[in-house]
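# Survey of secondary and tertiary structure
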Amino acid sequence: GCDQKLLSFVASLSPRRIVYVSCNPDTLARDVAILKPLGYETDKVQPVDMFPATGHVESVVSLTRGFDVDMRR
């Protein structure tokens, strides 16, 4: 997971797309929820089994900027 300050900073740069890779669904859900009011919508989600001998699955999420948000709030 990422610190909320980092997510706010990244969003303030206004990238058109953010690609987020996570191994923890709980922090992924939390961070996507933080990015949503900052103008980012989940576009695509792809699970990736990088460690097939374990129960761990990475999630790769593409978030795109859906609307302009005043980042000075």
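Just above, that's the structure.
Since this is a predicted model, take the numbers as computed values, not measurements.

## Some remarks on the sheet that holds strand β3 (residues 58-65)
Strand order in the open sheet formed by three strands is β1-β3-β2, with antiparallel pairing between adjacent strands. The open sheet has two edge strands with one neighbour each: β1 (17-22) and β2 (40-48). Here the average twist between neighbouring strands, direction ignored, is 20 degrees. Where β1 lies against β3, six bridges are found, and the strand directions are antiparallel. Across the sheet, residue Arg17 finds its bridge partner in β3, namely Thr64. Set on the sheet, helix α2 (residues 25-35) makes contact with β1, β2 and β3; between it and β1 the angle comes to about 160 degrees.

## Regarding α2
Along an α-helix, a turn takes 3.6 residues, which lines up residues three or four apart on a common side. By the burial criterion, the buried members of α2 are Thr27, Leu28, Asp31, Val32, Ile34 and Leu35. Seen along its axis, α2 keeps its buried residues to an arc of 155 degrees; they face one direction. With respect to the buried face of α2, the exposed residues turned more than 90 degrees away are Pro25, Asp26 and Ala29. Check the buried side of α2 and you find it contacts α1 (4-12), β1, β2 and β3.

## Some details on the pattern of salt bridges
Enumeration according to the criterion identifies two salt bridges in this entry. Linking Lys36 and Glu41 is a salt bridge whose minimum nitrogen-to-oxygen distance equals 3.8 Å. Take Lys36: its relative accessible area is 46%, and that puts it in the partly exposed class. Owing to a relative accessible area of 30%, Glu41 belongs among the partly exposed residues under this scheme.

## Comments concerning a positive patch on the surface
Together, Arg16, Arg17, Lys44 and Arg65 make up a region of like positive charge exposed at the surface. Along the chain, Arg16 turns up in the loop between α1 and β1.

## What to know about the state of the cysteines
Going through the model one piece at a time under the given rule, you end up with zero disulfides. Unpaired in terms of disulfides, Cys2 finds its nearest cysteine sulfur in Cys23, a separation of 11 Å.

Cut-offs and rules
- Residues numbered from 1 in each chain as written.
- Predicted model: local features only at pLDDT ≥ 70, side-chain atom pairs only at ≥ 80, totals over all residues.
- Heavy atoms only, no water.
- Pairing = 2+ DSSP bridges.
- Helix = DSSP H or I, 4+ residues; strand = E, 2+ residues; numbered from the N terminus.
- Axes fitted to C-alpha atoms, helices over the stretch in contact; angles between N-to-C directions.
- Contact = heavy atoms within 4.5 Å.
- Buried < 20%, exposed > 50% of the residue type's maximum accessible area, 1.4 Å probe, protein only.
- Arc of directions from axis to C-beta.
- Salt bridge = Lys/Arg side-chain N within 4 Å of Asp/Glu carboxyl O.
- Patch = residues over 30% accessible without salt bridge, like charges linked within 9 Å, V, L, I, M, F, W, Y side chains within 5 Å.
- Areas by Shrake-Rupley, 256 points an atom, 1.4 Å probe, with all protein chains shown as cover.
- Lys, Arg positive; Asp, Glu negative; His and termini not counted.
- Charge placed at Lys NZ, Arg CZ, Asp CG, Glu CD.
- Disulfide = S-S within 2.5 Å.

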